[in-house]
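What follows is the residue order along each chain.
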Amino acid sequence: MGNSSKRNYRVHHENCTTALDRSNFPASVDLSFLDPPFNQDKAYNAWDDNMPPEKYWEWMHQICAKVYALTSDGGAIYFMQREKNTEFVLKCLRDAGWTFQNLIIWKKKTSAVPGTKRFGKHYQVIAFATKGRTPRVFHRLRIDPPLPADYKHARENGMFVTDVWDDIRELTSGYFAGDEALRDADGNRLHKQQAPIQLLLRIVLSSTNPGDVVLYPFAGSGTTLVVAAQLRRKSVGIELDSQNVALIENRLAERRESDDVSRFFKDYACTPDLEAICGEENPHHFRFRKRGHQRRT
(Lines give C-alpha, C1' and ligand atoms only; values in the text may rest on other atoms or scores of the structure.)
Protein backbone atom coordinates (compact mmCIF):
# COMPACT_ATOMS: atom_id res chain seq x y z
CA MET A 1 0.00 0.00 0.00
CA GLY A 2 1.21 3.47 -0.84
CA ASN A 3 0.78 5.76 2.15
CA SER A 4 1.73 9.39 2.67
CA SER A 5 1.59 11.70 5.68
CA LYS A 6 1.87 15.42 5.97
CA ARG A 7 0.52 17.58 8.75
CA ASN A 8 -2.99 16.40 9.53
CA TYR A 9 -3.92 14.15 6.58
CA ARG A 10 -3.10 10.75 5.11
CA VAL A 11 -3.74 9.39 1.63
CA HIS A 12 -3.97 5.61 1.13
CA HIS A 13 -3.39 4.37 -2.43
CA GLU A 14 -5.55 1.27 -2.20
CA ASN A 15 -8.97 -0.22 -2.88
CA CYS A 16 -11.24 1.15 -0.15
CA THR A 17 -12.71 -2.32 0.51
CA THR A 18 -9.37 -3.47 1.92
CA ALA A 19 -8.18 -0.06 3.16
CA LEU A 20 -11.15 0.27 5.52
CA ASP A 21 -9.45 -1.93 8.06
CA ARG A 22 -9.01 -1.05 11.73
CA SER A 23 -5.21 -1.32 11.45
CA ASN A 24 -5.20 1.77 9.20
CA PHE A 25 -7.15 3.87 11.71
CA PRO A 26 -5.45 4.54 15.05
CA ALA A 27 -8.36 6.80 16.03
CA SER A 28 -12.10 6.56 15.43
CA VAL A 29 -13.64 8.38 12.48
CA ASP A 30 -16.02 11.24 13.31
CA LEU A 31 -17.34 12.08 9.83
CA SER A 32 -17.33 10.25 6.50
CA PHE A 33 -18.27 11.62 3.10
CA LEU A 34 -19.21 8.81 0.75
CA ASP A 35 -19.20 9.83 -2.91
CA PRO A 36 -18.60 6.55 -4.77
CA PRO A 37 -18.66 5.86 -8.51
CA PHE A 38 -22.34 5.84 -9.46
CA ASN A 39 -22.14 2.70 -11.64
CA GLN A 40 -23.00 4.71 -14.76
CA ASP A 41 -20.33 3.13 -17.00
CA LYS A 42 -18.02 6.12 -16.67
CA ALA A 43 -14.52 5.72 -18.10
CA TYR A 44 -12.46 5.50 -14.91
CA ASN A 45 -8.77 4.59 -15.20
CA ALA A 46 -8.74 2.03 -12.40
CA TRP A 47 -12.34 0.96 -11.89
CA ASP A 48 -15.08 -0.93 -13.74
CA ASP A 49 -18.08 1.39 -13.45
CA ASN A 50 -20.49 -1.07 -15.01
CA MET A 51 -21.13 -3.67 -12.30
CA PRO A 52 -24.34 -5.73 -12.10
CA PRO A 53 -26.67 -3.63 -9.92
CA GLU A 54 -27.06 -6.29 -7.22
CA LYS A 55 -23.28 -6.66 -6.95
CA TYR A 56 -22.81 -2.89 -6.83
CA TRP A 57 -25.28 -2.41 -3.94
CA GLU A 58 -23.85 -5.38 -2.07
CA TRP A 59 -20.50 -3.59 -2.31
CA MET A 60 -22.03 -0.31 -1.11
CA HIS A 61 -23.55 -2.10 1.88
CA GLN A 62 -20.14 -3.57 2.70
CA ILE A 63 -18.55 -0.12 2.57
CA CYS A 64 -21.27 1.39 4.77
CA ALA A 65 -20.79 -1.41 7.31
CA LYS A 66 -17.01 -1.03 7.36
CA VAL A 67 -17.26 2.74 7.84
CA TYR A 68 -19.82 2.20 10.61
CA ALA A 69 -17.39 -0.07 12.48
CA LEU A 70 -14.70 2.63 12.31
CA THR A 71 -16.96 5.49 13.40
CA SER A 72 -17.15 7.01 16.88
CA ASP A 73 -20.46 6.96 18.78
CA GLY A 74 -22.57 9.78 17.40
CA GLY A 75 -20.31 10.12 14.34
CA ALA A 76 -21.85 11.02 10.98
CA ILE A 77 -21.91 9.81 7.40
CA TYR A 78 -23.03 11.75 4.33
CA PHE A 79 -23.74 9.43 1.38
CA MET A 80 -24.18 11.16 -2.00
CA GLN A 81 -25.87 9.40 -4.91
CA ARG A 82 -28.19 9.82 -7.89
CA GLU A 83 -31.79 10.62 -7.01
CA LYS A 84 -33.03 7.40 -8.66
CA ASN A 85 -31.00 5.37 -6.15
CA THR A 86 -32.41 6.95 -3.00
CA GLU A 87 -34.17 3.79 -1.79
CA PHE A 88 -30.97 1.74 -2.17
CA VAL A 89 -28.89 4.32 -0.31
CA LEU A 90 -31.28 4.38 2.63
CA LYS A 91 -31.45 0.59 2.75
CA CYS A 92 -27.64 0.27 2.72
CA LEU A 93 -27.34 2.69 5.62
CA ARG A 94 -30.16 1.14 7.63
CA ASP A 95 -28.94 -2.44 7.15
CA ALA A 96 -25.41 -1.40 8.17
CA GLY A 97 -26.69 0.04 11.45
CA TRP A 98 -26.82 3.77 10.71
CA THR A 99 -29.62 5.99 12.05
CA PHE A 100 -31.20 8.17 9.36
CA GLN A 101 -31.30 11.91 10.09
CA ASN A 102 -31.97 13.79 6.83
CA LEU A 103 -32.25 13.34 3.11
CA ILE A 104 -30.53 16.44 1.74
CA ILE A 105 -31.53 17.64 -1.70
CA TRP A 106 -28.58 19.22 -3.48
CA LYS A 107 -30.42 21.25 -6.09
CA LYS A 108 -27.79 22.20 -8.61
CA LYS A 109 -27.59 25.67 -10.05
CA THR A 110 -27.19 24.34 -13.57
CA SER A 111 -29.62 23.62 -16.37
CA ALA A 112 -31.30 20.23 -16.17
CA VAL A 113 -31.16 17.93 -19.21
CA PRO A 114 -34.73 17.57 -20.46
CA GLY A 115 -36.14 14.06 -20.46
CA THR A 116 -38.30 12.54 -23.18
CA LYS A 117 -40.35 10.30 -20.86
CA ARG A 118 -39.93 11.95 -17.43
CA PHE A 119 -39.06 15.27 -15.81
CA GLY A 120 -35.53 16.55 -16.23
CA LYS A 121 -33.11 15.77 -13.38
CA HIS A 122 -32.02 18.75 -11.36
CA TYR A 123 -30.63 17.44 -8.07
CA GLN A 124 -28.66 14.77 -6.26
CA VAL A 125 -29.43 13.28 -2.87
CA ILE A 126 -27.11 13.26 0.14
CA ALA A 127 -28.27 10.98 2.95
CA PHE A 128 -27.15 12.16 6.39
CA ALA A 129 -27.04 9.46 9.08
CA THR A 130 -25.34 8.88 12.43
CA LYS A 131 -23.99 6.06 14.54
CA GLY A 132 -26.67 6.12 17.22
CA ARG A 133 -29.79 8.21 17.48
CA THR A 134 -28.09 11.49 18.42
CA PRO A 135 -25.24 13.21 16.55
CA ARG A 136 -22.17 13.81 18.70
CA VAL A 137 -21.66 17.09 16.82
CA PHE A 138 -24.20 19.09 14.87
CA HIS A 139 -23.71 22.81 14.32
CA ARG A 140 -26.84 24.66 13.26
CA LEU A 141 -25.33 26.86 10.60
CA ARG A 142 -27.03 30.07 9.54
CA ILE A 143 -26.86 31.47 6.03
CA ASP A 144 -28.36 34.55 4.40
CA PRO A 145 -29.16 33.74 0.75
CA PRO A 146 -30.97 36.21 -1.48
CA LEU A 147 -34.60 36.73 -0.54
CA PRO A 148 -37.28 35.06 -2.68
CA ALA A 149 -39.12 37.48 -4.93
CA ASP A 150 -42.31 37.52 -2.82
CA TYR A 151 -40.59 38.35 0.51
CA LYS A 152 -41.40 41.84 1.76
CA HIS A 153 -38.85 42.22 4.57
CA ALA A 154 -35.17 41.40 4.84
CA ARG A 155 -34.14 38.76 7.36
CA GLU A 156 -32.80 40.09 10.64
CA ASN A 157 -30.13 37.45 11.11
CA GLY A 158 -30.20 35.00 8.23
CA MET A 159 -31.80 31.57 8.36
CA PHE A 160 -30.84 28.06 9.45
CA VAL A 161 -29.54 25.72 6.75
CA THR A 162 -32.35 23.36 5.73
CA ASP A 163 -32.33 20.01 3.93
CA VAL A 164 -32.55 21.71 0.53
CA TRP A 165 -29.21 23.10 -0.63
CA ASP A 166 -29.87 25.26 -3.65
CA ASP A 167 -27.09 27.81 -3.12
CA ILE A 168 -24.09 25.67 -4.14
CA ARG A 169 -23.16 25.30 -7.80
CA GLU A 170 -21.62 22.09 -9.10
CA LEU A 171 -18.38 22.29 -11.08
CA THR A 172 -19.87 21.68 -14.51
CA SER A 173 -17.93 20.80 -17.61
CA GLY A 174 -18.51 24.30 -18.94
CA TYR A 175 -17.37 27.74 -17.85
CA PHE A 176 -19.17 27.54 -14.49
CA ALA A 177 -16.38 25.27 -13.25
CA GLY A 178 -14.22 28.38 -13.10
CA ASP A 179 -10.78 28.53 -11.47
CA GLU A 180 -11.66 25.89 -8.90
CA ALA A 181 -11.64 23.08 -11.47
CA LEU A 182 -8.30 21.28 -11.67
CA ARG A 183 -6.86 21.49 -15.19
CA ASP A 184 -3.76 20.48 -17.12
CA ALA A 185 -1.51 22.86 -19.06
CA ASP A 186 -3.90 22.77 -22.01
CA GLY A 187 -6.93 23.66 -19.90
CA ASN A 188 -8.45 20.17 -19.88
CA ARG A 189 -10.24 19.03 -16.72
CA LEU A 190 -8.16 16.59 -14.67
CA HIS A 191 -11.17 15.22 -12.79
CA LYS A 192 -14.64 15.79 -14.24
CA GLN A 193 -16.44 14.61 -11.08
CA GLN A 194 -14.66 17.15 -8.84
CA ALA A 195 -16.82 18.16 -5.86
CA PRO A 196 -17.07 21.89 -5.05
CA ILE A 197 -15.32 23.34 -2.00
CA GLN A 198 -18.61 24.92 -0.88
CA LEU A 199 -20.35 21.55 -0.61
CA LEU A 200 -17.73 19.92 1.59
CA LEU A 201 -17.28 23.06 3.67
CA ARG A 202 -20.95 22.89 4.69
CA ILE A 203 -20.73 19.19 5.55
CA VAL A 204 -17.50 19.46 7.55
CA LEU A 205 -18.67 22.55 9.45
CA SER A 206 -22.03 20.96 10.25
CA SER A 207 -20.81 17.66 11.67
CA THR A 208 -17.29 18.10 13.09
CA ASN A 209 -15.20 20.12 15.51
CA PRO A 210 -11.53 21.08 15.09
CA GLY A 211 -9.38 18.02 15.76
CA ASP A 212 -12.00 15.51 14.59
CA VAL A 213 -11.19 12.80 12.04
CA VAL A 214 -12.76 12.97 8.57
CA LEU A 215 -12.81 9.97 6.22
CA TYR A 216 -13.05 10.16 2.42
CA PRO A 217 -13.27 6.56 1.09
CA PHE A 218 -13.44 7.53 -2.60
CA ALA A 219 -11.07 10.48 -2.54
CA GLY A 220 -11.13 11.37 -6.25
CA SER A 221 -9.66 14.85 -6.55
CA GLY A 222 -9.30 15.25 -2.76
CA THR A 223 -11.74 18.10 -2.09
CA THR A 224 -12.76 16.76 1.33
CA LEU A 225 -9.11 16.51 2.42
CA VAL A 226 -8.41 20.04 1.18
CA VAL A 227 -11.32 21.43 3.21
CA ALA A 228 -10.54 19.39 6.34
CA ALA A 229 -6.89 20.43 6.37
CA GLN A 230 -7.76 24.14 6.37
CA LEU A 231 -10.31 23.70 9.15
CA ARG A 232 -7.87 21.89 11.47
CA ARG A 233 -9.60 18.55 11.10
CA LYS A 234 -7.57 15.37 10.64
CA SER A 235 -8.43 13.42 7.51
CA VAL A 236 -7.87 10.09 5.79
CA GLY A 237 -8.40 9.66 2.06
CA ILE A 238 -8.55 6.39 0.13
CA GLU A 239 -8.07 6.36 -3.63
CA LEU A 240 -7.50 3.50 -6.09
CA ASP A 241 -6.29 5.54 -9.10
CA SER A 242 -2.58 6.42 -8.86
CA GLN A 243 -3.11 9.50 -11.04
CA ASN A 244 -5.71 10.80 -8.62
CA VAL A 245 -3.42 10.08 -5.66
CA ALA A 246 -0.72 12.24 -7.27
CA LEU A 247 -3.33 14.90 -8.00
CA ILE A 248 -4.41 14.96 -4.35
CA GLU A 249 -0.84 15.12 -3.08
CA ASN A 250 -0.01 18.04 -5.36
CA ARG A 251 -3.23 19.84 -4.47
CA LEU A 252 -2.52 19.57 -0.75
CA ALA A 253 1.16 20.43 -1.09
CA GLU A 254 0.63 23.56 -3.17
CA ARG A 255 -2.50 25.30 -1.92
CA ARG A 256 -4.30 27.15 -4.68
CA GLU A 257 -6.14 30.41 -4.07
CA SER A 258 -9.28 28.83 -5.53
CA ASP A 259 -9.13 26.14 -2.80
CA ASP A 260 -9.15 28.72 0.01
CA VAL A 261 -12.19 27.92 2.16
CA SER A 262 -12.13 31.30 3.91
CA ARG A 263 -13.59 32.96 0.81
CA PHE A 264 -16.89 31.27 1.74
CA PHE A 265 -16.94 32.18 5.44
CA LYS A 266 -19.02 35.24 4.61
CA ASP A 267 -21.86 32.85 3.69
CA TYR A 268 -22.04 31.80 7.37
CA ALA A 269 -21.44 35.18 9.02
CA CYS A 270 -24.83 34.90 10.77
CA THR A 271 -23.71 31.71 12.54
CA PRO A 272 -22.87 32.20 16.24
CA ASP A 273 -19.37 31.03 17.28
CA LEU A 274 -18.36 30.64 13.66
CA GLU A 275 -14.67 31.18 14.29
CA ALA A 276 -14.56 28.42 16.92
CA ILE A 277 -16.45 26.02 14.62
CA CYS A 278 -14.13 26.74 11.70
CA GLY A 279 -10.84 26.31 13.56
CA GLU A 280 -9.33 27.89 10.47
CA GLU A 281 -5.56 27.81 10.13
CA ASN A 282 -5.14 31.55 9.71
CA PRO A 283 -7.30 33.40 12.29
CA HIS A 284 -6.19 36.83 11.08
CA HIS A 285 -7.32 35.96 7.55
CA PHE A 286 -10.60 34.68 8.95
CA ARG A 287 -11.33 37.93 10.82
CA PHE A 288 -10.42 39.98 7.78
CA ARG A 289 -12.88 38.06 5.63
CA LYS A 290 -15.62 38.12 8.22
CA ARG A 291 -15.55 41.90 8.60
CA GLY A 292 -16.85 42.15 5.04
CA HIS A 293 -20.28 40.97 6.27
CA GLN A 294 -21.87 42.85 9.12
CA ARG A 295 -24.39 40.81 11.05
CA ARG A 296 -27.80 42.46 11.31
CA THR A 297 -29.26 42.71 14.77
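Sequence order as written defines the numbering, with residues in each chain counted from 1. Residues qualify for local features only when their pLDDT is at least 70, as the model is predicted, and side-chain atom pairs are given and counted only at 80 or more; totals for whole chains, interfaces and linings, by contrast, use all residues. The basis for every side-chain value is the complete set of non-hydrogen atoms in the structure, without hydrogens or water.

Engineer: So what's going on with helix 2 (residues 53-70)? Residues and values would help.
Structural biologist: The terminal C-alpha atoms of helix 2 lie 26 Å apart, and with 18 residues this matches the ideal 26 Å at 1.5 Å per residue to within 8%. If you check which residues of helix 2 are buried, you get Tyr56, Trp57, Trp59, Met60, Ile63, Cys64, Val67 and Leu70. End-on, the buried residues of helix 2 take up no more than an arc of 150 degrees, which puts them together on one face. The exposed residues of helix 2 that point more than 90 degrees off its buried face are Glu54, Lys55 and Glu58. Working definition: helices are DSSP H or I runs of at least four residues, strands are E runs of at least two. Numbering for both runs from the N terminus. Each residue after the first adds 1.5 Å to the expected span of a helix. Per-residue accessibility, obtained with a 1.4 Å probe over protein chains only, is compared with the maximum for each type, and a residue is labelled buried under 20%, exposed over 50%, and partly exposed between these values. Note: the arc covers the axis-to-C-beta directions of the helix.

Engineer: Tell me about helix 4 (residues 197-207), and name the residues and values.
Structural biologist: When you tally the buried positions in helix 4, you get 10 out of 11 residues, the bulk of the element. The set of residues buried in helix 4 consists of Ile197, Leu199, Leu200, Leu201, Arg202, Ile203, Val204, Leu205, Ser206 and Ser207.

Engineer: So what's going on with the packing of aromatic side chains? Residues and values would help.
Structural biologist: Each Phe, Tyr or Trp ring (for Trp, its six-membered ring) is paired with any other whose centre lies within 6.5 Å, and the angle between the two planes then decides the class: stacked below 30 degrees, edge-to-face above 60, tilted in between. Throughout the structure, instances matching the rule amount to eight aromatic pairs. Where Trp59 meets Phe218, the ring centres are 5.5 Å apart and the plane angle is 85 degrees; that geometry is what we call edge-to-face. Remark: Phe218 occurs in the loop between strand 10 (213-216) and helix 5 (223-230) and Trp59 occurs in helix 2; sequence separation between them is 159 residues. On the accessibility criterion, Trp59 (8% relative accessible area) is buried. Aromatic ring contacts, followed pair by pair, group Tyr56, Trp57, Trp59, Phe88 and Phe218 into a single cluster. In our convention, an over-ring charge means Lys NZ or Arg CZ found within 6 Å of a ring centre and within 35 degrees of that ring's normal. For the cation-ring pair, Lys131 lies above Tyr68, with the distance from its terminal atom to the ring centre recorded as 4.8 Å. Positioned above the aromatic ring of Phe160, the side-chain terminus of Arg140 is 4.0 Å from the ring centre.

Engineer: Any details on the pairing of strand 6 (residues 123-130)? Residues and values, ideally.
Structural biologist: Counting buried residues along strand 6, seven of its eight residues qualify, which places the element largely inside the surrounding structure. Here, a strand pair is defined by DSSP locating no fewer than two bridges between the strands. The pairing of strand 4 (residues 71-82) with strand 6 spans seven bridges and is classified as antiparallel. Across the sheet, residue Met80 finds its bridge partner in strand 6, namely Ile126. Relative to strand 6, strand 5 (residues 99-107) is paired through eight bridges, and the arrangement is antiparallel.

Engineer: Describe the pattern of salt bridges, listing the residues and the values that go with them.
Structural biologist: Any two side chains of opposite charge can pair if their charged atoms end up close together. When a carboxyl oxygen of Asp or Glu is within 4 Å of a side-chain nitrogen of Lys or Arg, the pair counts as a salt bridge. Under the defined criterion, the tally for this structure stands at nine salt bridges. In this structure, the salt-bridge partner of Lys91 is Asp95, at a minimum N-O distance of 2.6 Å. Note that Lys91 and Asp95 are positioned in helix 3 (residues 86-95) at a spacing of four residues, about one turn of the helix. Take Lys91: its relative accessible area is 43%, and that puts it in the partly exposed class. Classification of Asp95 by relative accessible area gives partly exposed; the value is 39%. Of the charged contacts in the structure, one is a salt bridge between Arg256 and Asp259, with a shortest N-O distance of 2.9 Å.

Engineer: Give a detailed account of the packing of helix 5 against helix 6 (residues 242-253), specifying residues and quantitative values.
Structural biologist: Orientation is described by lines fitted to C-alpha atoms, with helices fitted over the stretch in contact, and by angles between N-to-C directions that extend from 0 to 180 degrees. The geometry of helix 5 relative to helix 6 is characterised by a closest axis approach of 10 Å and an angle of 25 degrees between their N-to-C directions. By the criterion of interaxial angle, the relationship of helix 5 to helix 6 is roughly parallel. Our pair here, helix 5 against helix 6, has a crossing hand that is right-handed. The residues of helix 6 that touch helix 5, namely those facing Thr223, Leu225, Val226 and Ala229, are Ile248, Arg251 and Leu252. Gly is placed with the polar residues, together with every amino acid not listed as nonpolar (Ala, Val, Leu, Ile, Met, Phe, Trp, Tyr, Cys and Pro) or charged (Asp, Glu, Lys and Arg). Tallied by class, the residues present in the contact of helix 5 with helix 6 amount to five nonpolar, one polar and one charged. Roughly parallel here means an angle under 35 degrees, roughly antiparallel means over 145, roughly perpendicular means 65 to 115, and every remaining angle is called oblique. Less than a right angle of anticlockwise turn of the near helix away from the far helix marks a crossing as left-handed, whereas a clockwise turn marks it as right-handed. Whether two residues are in contact is decided by their heavy atoms: any pair within 4.5 Å suffices.

Engineer: Can you tell me about the side chain of Asp241, naming the residues and giving the values?
Structural biologist: Topologically, Asp241 is positioned in the loop between strand 11 (234-239) and helix 6. A polar contact of 2.9 Å, which involves the side chain of Asp241, links it to the backbone nitrogen of Gln243. We call two N or O atoms a polar contact when they sit within 3.5 Å, provided that within protein one can donate a hydrogen and the other can accept it, with sequence-adjacent residues counted only if both atoms are side-chain atoms.

Engineer: For the side chain of Lys131, give the residues involved together with the corresponding values.
Structural biologist: Inspection of the secondary structure assignment puts Lys131 in the loop between strand 6 and strand 7 (142-143). A polar atom in the side chain of Lys131 sits 2.9 Å from the backbone oxygen of Tyr68. In this view, Lys131 contacts Tyr68, Ala69, Thr71, Ser72, Asp73, Gly74, Gly75 and Trp98; residues no more than four positions away in its chain are not counted.

Engineer: How would you sum up the environment of Glu275? Please name residues and give values.
Structural biologist: Positionally, Glu275 belongs in helix 7 (residues 274-278). Residue class for Glu275 comes out partly exposed when judged on its relative accessible area of 32%. Considered as a pair, Glu275 and Phe265 are 10 residues apart in the sequence and their alpha carbons are 9.2 Å apart.

Engineer: Please set out the nonpolar core residue by residue, giving values where relevant.
Structural biologist: Nonpolar side chains tend toward joint burial in soluble globular proteins. Definition of nonpolar core: a set of buried residues of the types Ala, Val, Leu, Ile, Met, Phe, Trp, Tyr and Cys, connected through side-chain atoms within 4.5 Å. Counting 42 residues, the largest nonpolar core has Tyr78, Leu199, Leu201 and Leu231 as its most contacted members. Per-element accounting of this core gives the leading share, seven residues, to helix 4. Beyond its immediate chain neighbours, meaning those up to four positions away, Leu231 contacts Leu201, Val204, Leu205, Pro210, Val261, Phe265, Cys278 and Gly279. Counting 29 residues, the second-largest nonpolar core is a separate cluster that includes Cys16, Val29, Ile77 and Val89.

Engineer: Lay out the environment of Ile126 with the relevant residues and their values.
Structural biologist: In this structure, Ile126 sits in strand 6. Separated by 49 residues in the primary sequence, Ile126 and Ile77 place their C-alpha atoms 9.6 Å from one another. Beyond its immediate chain neighbours, meaning those up to four positions away, Ile126 contacts Tyr78, Phe79, Met80, Asn102, Leu103, Ile104, Trp106, Trp165 and Leu199.

By themselves, these figures tell us nothing about what the structure is for.
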